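Residue strings, one per chain:
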Amino acid sequence: MANAEQVTAGDVRLMQGLAQRVTADRPDLVNSDASYGELAWNWGKGQAVDGASWRRRMWFSGEDLVAWGWAHLPHRVRRSDGSVRDVTGAYLAYQVHPGHAGLVDELIDWYDRTAADTERTVLPGAADEYALRRWAAHGYVTDPAGLGDKGTWTQLNERDLTDLQQPVLPDGFRFRTADEAGPEAAVQAHLDAWNPSTYSAVSYQGVRRTAAYRGELHILVEAPDGTMAASTIMWLDEANKSVEFEPVGTHPDYRRRGLARAMLLHGMRQARAAGAVHATVACLGAPGHPRARGLYHSVGFRELSRDVPLIKTAAAG
């Protein structure tokens, strides 16, 4: 059985359930935008502004969700610096349970119909050889820009939560939680790290409404002058005892002081205390994006999986 409409909070919870089941058996097959934490983050921060441009379809086996597609259609983006950008292409986030791999053809057909007459992109996992063959059979090819030195493909990194180093902050800095710092500080920390950004107080309200959000696992680093110099949200998947960092950012005036490194170590200790035994974090994987990858590797993360950027032009049908 399948159905299609806009994406709701209830849909996201079902999608997270599928992510948990796939993670338990084949974590390398969890697509980059289909992980437990990424789903909550993307829906929470975007549903108020971008939700009207989202379409989704879900496939069930009995009562179990076994596949879904979430199409991001062309829309206009307004950012914190006042700039406006038109997104003219379509993007698909998706997940298919490996036991129902044949559904990928139905999913591709649905995406092609839903995003007809636009350029279409998608990021299947490199380990999913069957899906890669099916995307190719439907006319999708490797995106050369996505694979370039400054390419947009991502890699997922993992580590266990044993043997954690002690976090060390510079004098005068301290760790805070979003519960302690409050919504205004949490939003400003993100805007400072990612300027220009589409993030806003409304975005954060959406993030807080997701079932997976926990304010005590939203960590910030406060500078001596009161500025929130770094921040990250940890998403705890209790079923797999795993925590995902998304996003991770540092104010440009406070970079290269070891704040993000200390924050990650502190966060992993907090996650371990909450019951996690494993952690993941994603980053851009192309050679021209070494900074985040180097940071994560410095605290013990190593590559688990990566995705493959594919594209299909409007002219290709």
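Calculation notes
- Residues numbered from 1 in each chain as written.
- Predicted model: local features only at pLDDT ≥ 70, side-chain atom pairs only at ≥ 80, totals over all residues.
- Heavy atoms only, no water.
- Pairing = 2+ DSSP bridges.
- Helix = DSSP H or I, 4+ residues; strand = E, 2+ residues; numbered from the N terminus.
- Axes fitted to C-alpha atoms, helices over the stretch in contact; angles between N-to-C directions.
- Contact = heavy atoms within 4.5 Å.
- Parallel < 35°, antiparallel > 145°, perpendicular 65-115°, else oblique.
- Left-handed = near helix turned anticlockwise from the far one by under 90°.
- Buried < 20%, exposed > 50% of the residue type's maximum accessible area, 1.4 Å probe, protein only.
- Phe/Tyr/Trp six-rings, centres within 6.5 Å; stacked < 30°, edge-to-face > 60°.

In the nomenclature of an unreviewed UniProt entry, the chain is known as GNAT family N-acetyltransferase of Streptomyces iakyrus.

Caption draft 1: The arrangement of the sheet that holds strand S15 (residues 302-306) in detail. Sheet architecture is open: seven strands sit in the order S10-S11-S12-S13-S14-S9-S15, paired in mixed fashion. Looking along the sheet, the strands with just one partner apiece sit at the ends: strand S10 (174-177) and S15. For this sheet, the mean angle separating the axes of adjacent strands, direction not counted, is 30°. Contacting strand S11 (218-222), strand S12 (228-237) and strand S13 (242-250), helix H6 (residues 183-194) crosses the sheet at an angle of about 65° to S13.

Caption draft 2: Structural view of the packing of helix H2 (residues 36-50) against helix H7 (residues 201-209). Relative to each other, H2 and H7 sit at 140°, their axes nearing to 7 Å. Taken together, H2 and H7 sit at an angle that is classed as oblique. Both H2 and H7 take part in a crossing whose hand is right-handed. Mapping the contact onto sequence places Trp41, Trp43, Gly44, Lys45, Gln47 and Ala48 in H2 and Val202, Ser203, Gly206, Val207 and Arg209 in H7.

Caption draft 3: Local environment of unusual backbone geometry. Of note, the bond from Asn195 into Pro196 is cis; its omega dihedral lies within 30 degrees of zero at -5°. On the secondary structure map, Pro196 appears in the loop between H6 and H7. Each neighbour pair has its own omega, and for Glu246 with Pro247 the value is 0°, a cis peptide bond. Locating Pro247 in the fold gives a position in strand S13. Here Asp163, not a glycine, exhibits a phi torsion of approximately 50°, which is positive. Residue position: Asp163 is located in the loop between strand S9 (154-160) and S10. A relative accessible area of 71% means that Asp163 is categorised as exposed. Residue Lys241 is not a glycine yet carries a positive backbone phi of 50°. For Lys241, the position within the fold is in the loop between S12 and S13.

Caption draft 4: Local environment of the packing of aromatic side chains. This structure, assessed with the given rule, holds 11 aromatic pairs. A centroid spacing of 6.4 Å and a plane angle of 80° characterise the contact between Tyr111 and Trp135, whose relative ring orientation is edge-to-face. One end of the pair, Tyr111, is in helix H3 (residues 104-114); the other, Trp135, is in helix H4 (residues 129-137), and 24 residues separate them in sequence. For the pair formed by Tyr111 and Trp135, the shared burial category is buried.

Caption draft 5: The side chain of Ser203, seen in detail. With respect to the helices and strands, Ser203 occurs in helix H7. The residues touching Ser203, leaving out its near neighbours within four places in the chain, are Gly44, Lys45 and Thr198.

Caption draft 6: Inspection of the environment of Gln270 at higher detail. Positionally, Gln270 belongs in helix H8 (residues 259-273). Classification of Gln270 as partly exposed rests on a relative accessible area of 34%. Counting along the chain gives 51 residues from Gln270 to Ile219, while the straight-line C-alpha distance between them is 9.5 Å. With residues near it in sequence (within four places) discarded, Gln270 still touches Leu217 and Met234.

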